[in-house]
Amino acid sequence: MSKRKTTQRINSLILNLFIIALGVGMLYPILWLIGASFKPSNQIFTQASIFPKTFTLDNYVAGWKGIGIVGFGTFFKNSFVICIISAFANAIFCSITAYAFARLQFKGKNIWFAIMMLTLMLPSHVTTIPRYIMFRRVGWINTFLPIVVPKFFATDAFFIFLLVQFIRGLPKDIDESAIIDGCSKFGVYSRILMPLTVPALITTLLFSFLWTWDDFFNQLLYLTSPHKYTVPMGLRLFLDSSGISFWGPMFAMSVLSLIPAFILFFSLQKYFVRGIATTGIKG
Amino acid sequence: MKNTLLVLLLAILSVSFVFGAGTKEDAAASGTTTIRWAYWGSGQRVEISQKAIDLYQSRHPNIKVNPEVSGGAGDHFVKVDTQLAGGDGPDIIQVGGNIPDYADVLLDIFPFDGKAINLSVIDPSAIDSGTIAGRLVGISTGVNMPALVYNKSMVERIGAPLPKITMNYDEFKDYLRVLKSKLPAGVYPMQDIGVLSSNSTPFGYWTRYNGTPLYDASDKSTAVRPQDAQRYLELFDGYRKEGLIPPADIAAGYAENNADTSMVIAGKAVIGFIWTNQLSGYQAATTDELDFIEMPGAAETNALWQPPSQFYAVNKDSKNIEETVKFIDFLVNDPEAAFILGSDRGTPASSTARSAGSAFAADQKVINYMNVAGPHSSAETDHVPNDTEFNSTLYLIYQRVAFGQITPAQGGQQIYELLLRLIGK
Amino acid sequence: MKNLRRKRVLLDNLSSYAFLAPWLIGFFLLTLYPMFYSLYLSFTKFNIRTPPQWIGWSNYLVMFKGTETLPRDDRFVNSMMVTFKYVFTSVPLKLVFALIVAMLMNKKLKLIPLYRALYYIPTLLGGSVAIAVLWRRLFAADGLLNMILNSVFGLENLPAWISNPQYALSTLVVLGVWQFGSPMIIFLAGLQQIPREYYEASSVDGAGPIRQFFAITLPSLSPIIFFNFVMQMISAFQSFTQAFIVSGGSGGPLDSTMFYSLYLYIKGFGFSEMGYAAAMAWILLIIIASLTAISFRASGTLVSYGSGE
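Reading guide: rules and limits
- Residues numbered from 1 in each chain as written.
- Chains lettered and ligands numbered in written order.
- Predicted model: local features only at pLDDT ≥ 70, side-chain atom pairs only at ≥ 80, totals over all residues.
- Heavy atoms only, no water.
- Helix = DSSP H or I, 4+ residues; strand = E, 2+ residues; numbered from the N terminus.
- Rg over C-alpha atoms; globule rule 2.2 N^0.38 Å.
- Buried < 20%, exposed > 50% of the residue type's maximum accessible area, 1.4 Å probe, protein only.
- Contact = heavy atoms within 4.5 Å.
- Buried area = accessible area lost by both parts, 1.4 Å probe.
- Salt bridge = Lys/Arg side-chain N within 4 Å of Asp/Glu carboxyl O.
- Polar contact = N/O pair within 3.5 Å; in protein donor to acceptor, adjacent residues only side chain to side chain.
- Nonpolar A, V, L, I, M, F, W, Y, C, P; charged D, E, K, R; others polar.
- Axes fitted to C-alpha atoms, helices over the stretch in contact; angles between N-to-C directions.
- Parallel < 35°, antiparallel > 145°, perpendicular 65-115°, else oblique.
- Left-handed = near helix turned anticlockwise from the far one by under 90°.
- Lys, Arg positive; Asp, Glu negative; His and termini not counted.
- Pairing = 2+ DSSP bridges.
- pLDDT = per-residue confidence, 0-100.
- Phe/Tyr/Trp six-rings, centres within 6.5 Å; stacked < 30°, edge-to-face > 60°.
- Lys NZ or Arg CZ within 6 Å of the ring centre and 35° of its normal.
- Core = buried A, V, L, I, M, F, W, Y, C linked by side-chain atoms within 4.5 Å.
- Domains from an automatic or database assignment.

Trainee: I'd like a description of the overall build of chain A, backed by residues and values.
Mentor: The number of helices and strands found in chain A is 13 helices and 0 strands. Starting at the N terminus, the α and β elements of chain A follow one another as α-α-α-α-α-α-α-α-α-α-α-α-α. The C-alpha atoms of chain A give a radius of gyration of 24 Å, which is well past the 19 Å a tight globule of 283 residues would have. Once the C-alpha set of chain A is aligned to its principal axes, its extents read approximately 75 × 70 × 30 Å. Out of the 283 residues in chain A, the part that is buried amounts to 60%.

Here you go:
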């Protein structure tokens, strides 16, 4: 009996070590980044090792101040506002759309569904310039609106698809018994199905948040005053093509920008692994 | 039916909430005039620009200047272009040599002379450079000159003689050979200037030296022929073969001409190419001492030139034209502002600004250089239209030769065809 | 009687459509209309400062053949080849890594949640500008990789990976594969759905781990592998940020990292040829649509997608 347990323990240990070794190899660039953020600026490129010879917090202090007029406090706030609103808008409106496709009957449903799936393949470039022209016609340049409002119209087909598959996995009789009890369509959606769809909803929330955070191109296009800049744009401000770049502070702020995403990911893991698992993507 | 309404109501409520969040911040306080100033730069330039803004705002409490900074000129123009297309352009637009491309959206400042702005203290050549078709569409931020920068401390360390500031091409090559004999492996006498992202400038210099300027706007022609471009490519090919400049793949790793990806700052090359206004930025990035020498052959041919570094230009559709012009007058002519700004955007073209001196020590070297190189200059050549594409494609052709994909003869032919195509575009 | 029923069906349809309304409005306003407008733009010369000028098929001709006045755009063809090379090397490699790591992450170890988050970090870094610096540190002539190859393996005369036209693209492939987080999560979810009994039953029958992998794991995962493949392929074709920051916006050296999207951006926003950029966008759409259709055809029996109930 104990022999098997010991073998198990040893196997576990080896596995852990292997994962850690592989992880360190893979994470080396990140470890270097973190180390560099604590090194004084003039040692970053001359000192090869990860561990700073002289440990300093200067980069974080200087980096937080941003480029003088606007600091990273503002950049983080802007990023959070955009990402949180987008995430919730996506969760609400993609799930409403998914409900329609998964549970409701109406004429033309199949055609609309096929079209929705086709939009998954659409490269964003095809709509960028016309959308820009439209948004400036209504005066939305330099606001968060062009980035956030599309989410209220369920333009992210990926999440609609995810939610449709998930809802399909829920048995239809719970709908039916609710309807017999006099529940409205919206009631079935909000009170019966959505509570059961939580894992998929959390998946939608998390990935909407992460992908919006990283959507540099749209932020670059629509946010023109530094007070509206987001974290990725703030980071770019540290680079300049005709003078010095502030590497130290840039690294420090890059490290900081990883933290919210990491925390979110780590804490919500069990939900979205389940969320994707039960979508029955396998058919 | 009730549910449908509920869904729609939810949608409308959310949209209006976001709408409110977006536009609330834009409600400007009444009574204050806001000027939007779009420029590019980071670090030092942003700090000193902000200091100048704070000074102006303290003198004029009812004016607020909002800087809109982009990291690099590339991003800046992309942003400004899209803003202009949307009728939402900033009040002050910083432009560079590409000012002709923007002439029709810029304000003519001549009518404001003596009222909102004092043009009489500004050098006539600076006024000329900002005048297109009789309209003064940009005020020079200062004068700049192309130069070769060299690492004085490194030269002293290896026991080589310091370079003469003025040399011809033969003397220059000999000097490079002297450097090479004393330098360790992996360090080169000169950076490969042709692979810089701003490579059209050294090429422009060489065509002037060669007596075949790049472009003449009056008859839309170029004096450059394939054989000329070929000689340029062969010159650098020769340097490369002798090891006076690095091999192509190493050079390509230092292509962005900014202080961090500069081979000179990295200690891998002694001589590099910069504009004079970049000196203080470069000097701050290294503990070695830097100084200038002229491009070779400048004295014989007066092939150097003193272009305006950048221009302060006013958006024709600005809602605060008078205040904007006044602010530009401050930036360009006010002694206190000039002291703060130094020669970060060029050595001032205004006599009142120059007499104020500068907060930066490196600027003295710039003045010394200009005293020697100034007389070796002549009127600037017109800029090739479609500047961005010229830089990008010239760079590509040069690299093809550097990597041995095509011969200098073929490269020369391609450069010629490129010029013709861009002129005709 | 019939009229009442028809009315009820109509009302029913209407209220269902209410749920579809947000998506429908979004589709017409933000997707379909812009698509047609950009299709129109692709037949024009448009520099965004002045109104578009109709030039017919010129943009498309320049891409593939050249017209009487303009030569063929070799950089366009090059950008297509670079992108194809990138897609068909990075996507398979990425999926392989994602699957291997997902299998590791499926083990029951105490620290697994932490490990999963850690392995996802490279993906979190996304298109951060810090990546440009990191990648140069790793792959420059005097970068970390060469230092290791030299000191540990004694190799000499190593190329400057990131600035050599032969190898620069490979550094971007490595970057793409390094950020395998998303497909990994999806594979992980898929693996967790495979009933344990399959594995238990087969080991009773004497099957080893390798045999189990090919007989159980792969077949069960095949729809997910397909899904990941298609999604990653579509995304890889649109890849922009990483090439943009690592090459400093140049697509160099020698256009060896000039991704299709990067060239589109340079043409549209750098050289102010928006009409051309719109044409490029449409060609990209056609390519992606065709490849996706081919993929679906090829997978035939494996996958059971469908909109119907």
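Trainee: Hey, could you go over the interface of chain C and chain A for me, with residue numbers and the actual values?
Mentor: Buried accessible area, meaning the area lost when the parts come together, often serves as the stated size of an interface. Between chain C and chain A, the residue contacts involve 87 residues of the former and 90 residues of the latter. Interface area, chain C with chain A, both sides summed: about 8,100 Å², of which 77% is carbon and sulfur. On the chain C side of the interface with chain A, the three residues burying the most area are C:Phe19, C:Trp23 and C:Leu30, jointly 10% of the side's total. The tally of links between chain C and chain A comes to 1 salt bridge. The residue C:Asp12 makes a salt bridge to A:Lys185 at a minimum N-O spacing of 2.9 Å. Taken together, the connections running from chain C to chain A amount to 16 residue pairs in polar contact (both at pLDDT 80 or more). Looking at the side of chain C that touches chain A element by element, the count peaks at 23 residues for helix 1 (residues 2-41) of chain C. Taken together, the residues of the side of chain C that touches chain A break down into 62 nonpolar, 20 polar and 5 charged.

Trainee: Mind laying out the interface of chain B and chain C, listing which residues take part and the relevant values?
Mentor: Chain B puts 29 residues into the contact, and the matching count from chain C is 26 residues. For the chain B face of the interface with chain C, the top three residues by lost area are B:Val78, B:Asp249 and B:Leu396, together amounting to 17%. Applying the counting rule to chain B against chain C returns 0 salt bridges. Summed over the shared surface of chain B and chain C, the number is 4 residue pairs in polar contact (both at pLDDT 80 or more). Counting residues per element, the ones that place at least two in the side of chain B that touches chain C are helix 1 (2-24), helix 3 (73-85), helix 4 (99-102), helix 10 (248-252) and helix 17 (387-402) of chain B. A total of 8 residues in the side of chain B that touches chain C trace back to one element, the largest contributor, which is helix 17 of chain B. Each residue belonging to the side of chain B that touches chain C can be placed in one class, and the counts come to 10 nonpolar, 9 polar and 10 charged.

Trainee: Give a description of the packing of helix 3 (residues 72-103) of chain A against helix 10 (residues 198-213) of chain A that names residues and reports values.
Mentor: Residues and elements named next belong to chain A. One can describe the packing of helix 3 onto helix 10 by two numbers: an axis separation of 8 Å at closest approach and a directional angle of 140 degrees. Between helix 3 and helix 10, the angle falls in the class oblique. The two elements helix 3 and helix 10 cross, and the hand of that crossing is right-handed. Every residue of helix 10 that contacts helix 3 at Phe 76, Ser 79, Phe 80, Ile 82, Cys 83, Ile 84, Ser 86, Ala 87, Phe 88, Asn 90, Ala 91 and Ser 95 is listed here: Leu 201, Thr 204, Leu 205, Ser 208, Phe 209, Thr 212 and Trp 213. For the contact of helix 3 with helix 10, the class distribution of residues is 12 nonpolar, 7 polar and no charged.

Trainee: Give a description of the side chain of B:Asp91 that names residues and reports values.
Mentor: Residues and elements named next belong to chain B. For Asp 91, the position within the fold is in the loop between helix 3 and strand 3 (92-95). Buried and unpaired, Asp 91 has Arg 36 as its nearest opposite-charge partner, separated by 5.4 Å. Of note is the side chain of Asp 91, whose polar atom sits 2.7 Å from the backbone nitrogen of Arg 36. Dropping the residues within four chain positions of it, Asp 91 is found in contact with Thr 34, Ile 35, Arg 36, Ala 313, Val 314, Asn 315, Ser 318, Lys 319, Asn 320 and Thr 324.

Trainee: Could you give an account of the sheet that holds strand 10 (residues 290-293) of chain B, with specific residues and numbers?
Mentor: The pairing of strands in a sheet happens through backbone hydrogen bonds and is either parallel or antiparallel. Residue and element names in this part refer to chain B. One open sheet holds the 4 strands; their spatial order is 8-9-7-10, and the pairing between them is mixed. On the outer flanks of this sheet lie strand 8 (188-190) and strand 10, each paired with one strand and no other. For this sheet the average axis-to-axis angle between neighbouring strands, irrespective of direction, equals 35 degrees. Summarising the sheet, strand 7 (residues 146-151) and strand 9 (residues 269-275) pair through 5 bridges and their orientation is antiparallel. When the bridges of strand 9 are listed, Leu 148 appears paired with Phe 273. Against the sheet, helix 16 (residues 363-373) touches strand 7 and strand 10, its axis set at about 10 degrees to strand 10.

Trainee: Residue-level account of the confidence of the model for chain C, with values.
Mentor: Residue and element names in this part refer to chain C. On average, residues of chain C score 86 in pLDDT, and 96% of them reach the 70 mark or higher. Within chain C, the lowest mean pLDDT, 82, falls on helix 5 (residues 130-139), and the highest, 94, falls on helix 3 (residues 74-105). Counting contacts from residues 301-309, a segment whose pLDDT is below 50, to residues more than four positions away or on other chains yields 23 contacts. As a predicted assembly, this complex carries a pTM of 0.83 together with an ipTM value of 0.82.

Trainee: Describe the packing of helix 9 (residues 226-241) of chain B against helix 18 (residues 408-424) of chain B, and please don't skip the residues or the numbers.
Mentor: Residues and elements named next belong to chain B. The N-to-C vectors of helix 9 and helix 18 enclose an angle of 130 degrees; their axes lie 7 Å apart at closest approach. By the angle between their directions, the pair helix 9 and helix 18 is classed as oblique. Of the two possible hands of crossing, helix 9 and helix 18 adopt the one that is right-handed. Along the contact surface, helix 9 presents Pro 226, Ala 229, Gln 230, Leu 233, Glu 234 and Asp 237, while helix 18 presents Pro 408, Ala 409, Gly 411, Gly 412, Gln 413, Ile 415 and Tyr 416. Of the residues in the contact of helix 9 with helix 18, the class split is 7 nonpolar, 4 polar and 2 charged.

Trainee: Now, about helix 8 (residues 200-209) of chain B: what can you tell me, with residues and values included?
Mentor: Side chains three or four residues apart in an α-helix point the same way, a direct result of the helix having 3.6 residues per turn. Residues and elements named next belong to chain B. Here helix 8 lies mainly inside the structure; 9 of its 10 residues are buried. Within helix 8, the full set of buried residues consists of Ser 200, Thr 201, Pro 202, Phe 203, Gly 204, Tyr 205, Trp 206, Thr 207 and Arg 208. Residues of helix 8 that are buried in the fold lie against helix 7 (169-182), helix 9, strand 9, helix 12 (298-301), helix 17 and helix 18. Gly 211 occupies a position one or two residues after helix 8 and carries a positive phi of about 80 degrees.

Trainee: Pulling in residues and values, what's your account of the packing of aromatic side chains?
Mentor: The tally for this structure, following the rule as stated, stands at 75 aromatic pairs over all chains. Arranged with centres 5.3 Å apart and planes meeting at 80 degrees, the rings of A:Phe101 and A:Phe113 form a pair that is edge-to-face. Linking A:Phe101 in helix 3 with A:Phe113 in helix 4 (residues 109-119), this pair joins segments that are 12 residues apart in sequence. Both residues of the pair, A:Phe101 and A:Phe113, count as buried. Following the ring pairs from residue to residue traces out a cluster consisting of A:Trp64, A:Phe72, A:Phe75, A:Phe76, A:Phe80, A:Phe209, A:Trp213 and A:Tyr229. Lying over the aromatic face of B:Tyr39, B:Arg345 brings its terminal NZ or CZ to 4.7 Å of the ring centre.

Trainee: Would you mind going over the nonpolar core in detail, with residue names and values included?
Mentor: By size, the foremost hydrophobic cluster in this structure holds 208 residues, and its most contacted members are A:Phe251, C:Trp23 and C:Met105. The element that contributes the greatest number of residues to this core is helix 3 of chain A, accounting for 17 residues. Summarising the domain contributions, this core has at least three residues from each of domain 1 (2-56) and domain 2 (64-279) of chain A. Apart from residues lying up to four places away in sequence, A:Phe251 is in contact with A:Trp32, A:Leu33, A:Ala36, A:Ser37, A:Ile44, C:Ala130 and C:Val133.

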